[in-house]
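One letter stands for each residue in the lines below.
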Amino acid sequence: MIDELSKNTVAAGIILDKGKIPPKKSEKEIKTVNKSAAVLWFTGLSGSGKSAIADEVYKILYNRNIDSERLDGDIFRKKMNRDLGFSPSDRNINIERASYIANILSCHGVMVLATFISPYKKSRQIARRNIKNFIEIFVDAPLSVCESRDAKGLYKKARKNKLKFFTGISDKYETPNQPNIHLKTDRLTVKKCANKIIDYLDKKGLLK
Ligand code: ADX
């Protein structure tokens, strides 16, 4: 170390250990880091109950000391995907980015609860392909029920043609054929739905 004013050497030393430098992981290696976490992928119309159920499951997992993370469409779009709208190609990019992050988290042992309308079969298939432990949860409520809930007032706007590509009104929602878990939220309470998911994870040995 040289003193700035006098230019005298005031200290010296030798670096013995640079510390550990982690090896760079390739895409393939990221997918094979193995822990027992999964990605719970909630799909369904706006207002079907995805977020409410995922929040309830998150609470249960938290109380069981299971590392979990929520990824939510509304938040994801505000923080990461401000460049995207709701056209089919923008939605596909949204799901692609979300599934990439979900996979990385789950490969490191974090249980991910991802709530995205994810209305297209094809993009859900891509998410399933990209994610090691993908559990599809269909949060199912009739459009009329979602519309009557209308917590964000978006259905009202969509009916007045003020929102382009609104799922269920001016854009399609493709129903999952064989979801891992099917929840009919017009008949079951949020708590019951959450418990169904916990039972499923328990049976699959994912809550150890
Ligand atoms: S997705 O189709 O790309 O999966 P995402 O889940 O991220 O959608 O975002 C959906 C949320 O965006 C809805 O819950 C709603 O609050 C809001 N939103 C705004 N415009 C639309 C729209 N045209 N269609 C659906 N949701 C919309």
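The text that follows walks through the structure, step by step, so that each part is easy to find. Computed from a predicted model, the values in this text were never measured in an experiment.

This part takes up the pairing of strand β5 (residues 181-184). Side chains of β5 alternate between two faces, with I181 and L183 buried and H182 and K184 left unburied. Bridging between strand β4 (residues 134-140) and β5 involves four bridges; their strand directions are parallel. Paired with D140 across the two strands is K184, which belongs to β5.

To continue, consider the packing of aromatic side chains. Counted by the stated rule, this structure contains five aromatic pairs. Here the aromatic rings of W41 and F116 are separated by 5.5 Å at their centres, their planes lie at 20°, and the arrangement is stacked. Highlighted residues: W41 in strand β1 (residues 39-43) and F116 in the loop between β3 (111-115) and α5 (121-130), separated in sequence by 75 residues. No difference in accessibility class separates W41 from F116, as the two residues are buried. Between Y155 and F166, the ring centres sit 5.0 Å apart and the planes meet at 80°, which makes this aromatic pair edge-to-face. Linking Y155 in helix α7 (residues 154-159) with F166 in the loop between α7 and β5, this pair joins segments that are 11 residues apart in sequence.

What counts and how
- Residue positions are given per chain, counting from 1 as you read along its sequence in written order.
- Per-residue local features are limited, in this predicted model, to residues with pLDDT of at least 70; the limit for side-chain atom pairs, both in listing and counting, is 80 or more; totals at the level of whole chains, interfaces and linings are taken over all residues.
- Each side-chain value is worked out from all heavy atoms of the structure, with water and hydrogens disregarded.
- Only protein chains enter the accessibility calculation, which uses a 1.4 Å probe; a residue whose area is less than 20% of its type maximum is buried, one above 50% is exposed, and one in between is partly exposed.
- Segments assigned H or I by DSSP are reported as helices when at least four residues long, segments assigned E as strands when at least two residues long, and all are numbered from the N terminus.
- Between any two strands, at least two bridges found by DSSP are needed for them to pair.
- Under the pairing criterion, centres of Phe, Tyr and Trp rings, with the six-membered ring standing for Trp, must be within 6.5 Å; the plane angle then separates stacked pairs below 30 degrees from edge-to-face pairs above 60, leaving the rest tilted.

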